[in-house]
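Coordinates in review
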Amino acid sequence: AQRVTQPEKLLSVFKGAPVELKCNYSYSGSPELFWYVQYSRQRLQLLLRHISRESIKGFTADLNKGETSFHLKKPFAQEEDSAMYYCALSPPSSASKIIFGSGTRLSIRP
Amino acid sequence: SQTIHQWPATLVQPVGSPLSLECTVEGTSNPNLYWYRQAAGRGLQLLFYSVGIGQISSEVPQNLSASRPQDRQFILSSKKLLLSDSGFYLCAWARGTLGQQYFGPGTRLTVT
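Reference entry: report on the structure contained in this document.

It is worth spelling out the nonpolar core at this point. Core analysis: the largest hydrophobic core is formed by 24 residues, its most contacted members being Trp-35, Leu-72 and Tyr-85 of chain A. When residues of this core are traced back to their parent elements, those giving at least two are strand S2 (10-14), strand S3 (19-21), strand S5 (32-38), strand S6 (45-49), strand S8 (69-74), strand S9 (83-90) and strand S11 (104-109) of chain A. Top element by residues in this core is S9 of chain A. It accounts for 4 residues. In this structure Leu-72 of chain A touches Val-19, Glu-20, Leu-21, Trp-35, Leu-47, Leu-48, Phe-59, Thr-60, Ala-61 and Tyr-85 of chain A, once residues within four positions along its chain are discounted. In terms of nonpolar packing, the next biggest core, distinct from the first, is built from 20 residues, Leu-47, Leu-64, Leu-81 and Tyr-89 of chain B among them.

Here the focus is the sheet that holds strand S8 (residues 73-78) of chain B. Residues and elements named next belong to chain B. In spatial order, the strands read S1-S3-S8-S7; together these 4 strands make up an open sheet with antiparallel pairing. Both outer strands of the open sheet, strand S1 (3-7) and strand S7 (65-70), are each paired with one neighbouring strand and no more. Neighbour-to-neighbour, the strand axes of this sheet turn through a mean angle of 20 degrees, independent of strand direction. In this sheet, strand S3 (residues 19-26) lies alongside S1 in antiparallel orientation, the contact comprising 5 bridges. Along S3, the bridge assignment pairs Thr-3 with Glu-26.

Let us look at the interface of chain B and chain A. On the chain A side, the residues contacting the 25 residues of chain B number 19 residues. Roughly 1,700 Å² of surface becomes buried between chain B and chain A when both sides are summed, with 53% attributable to carbon and sulfur atoms. At the junction of chain B and chain A, the tally comes to 1 salt bridge. The shortest N-O distance in the salt bridge between Lys-97 of chain A and Glu-59 of chain B comes to 3.3 Å. Linking chain B to chain A there are 6 residue pairs in polar contact (both at pLDDT 80 or more). Of all the elements in the fold, those that place two or more residues in the side of chain B that touches chain A are strand S4 (32-39), strand S5 (43-52) and strand S9 (87-94) of chain B. Taken together, the residues that form the side of chain B that touches chain A break down as 12 nonpolar, 10 polar and 3 charged.

Conventions adopted
- Residues numbered from 1 in each chain as written.
- Chains lettered and ligands numbered in written order.
- Predicted model: local features only at pLDDT ≥ 70, side-chain atom pairs only at ≥ 80, totals over all residues.
- Heavy atoms only, no water.
- Core = buried A, V, L, I, M, F, W, Y, C linked by side-chain atoms within 4.5 Å.
- Buried < 20%, exposed > 50% of the residue type's maximum accessible area, 1.4 Å probe, protein only.
- Helix = DSSP H or I, 4+ residues; strand = E, 2+ residues; numbered from the N terminus.
- Contact = heavy atoms within 4.5 Å.
- Pairing = 2+ DSSP bridges.
- Axes fitted to C-alpha atoms, helices over the stretch in contact; angles between N-to-C directions.
- Buried area = accessible area lost by both parts, 1.4 Å probe.
- Salt bridge = Lys/Arg side-chain N within 4 Å of Asp/Glu carboxyl O.
- Polar contact = N/O pair within 3.5 Å; in protein donor to acceptor, adjacent residues only side chain to side chain.
- Nonpolar A, V, L, I, M, F, W, Y, C, P; charged D, E, K, R; others polar.

Structure, rendered in structure tokens:
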């Protein structure tokens, strides 16, 4: 079955500390993987996708096919990073259907 | 540029009443369209998606239905609302099979 698991509902870290939001997926092929973010009072929006291999707002995510993980990392958290983060996968040729995880709320303490 | 609209923003309806939520996209043609329900602690659940006019795929059995009467219009409906239909409903669009989706502002539905 296709599934995305985010084990942490809430993650609270101090400003300046490293952040890692965990994501594991279950899919037999090679899906496309994403991180979406929802800031307070804003729309859900794409943060980054694994095929781009880019860093957005200091965040990176590495796909580990062996562990079927796509953890989101940032070396130094900032207060504006506080938001709800969703890991998601899209099976290839699936009409862009996306399967979302349950989300992790990241809270950055000053 | 492309934009996606949803209305109403909030809605309070009694149990057993009908429902119609509307989503429209501007600035693109033949988009894939999606309806999600966002529940606390459960993430986003895909309810329906559509790859063209009149083409609807349902992902989960439920009390809701969807229709796409025009290329850039996607409607979520119910004949009789249940308490369990309460939630935050999101509409999204995507280009073909490129993966990324663009989300609307959402509708907060409360069934009383």
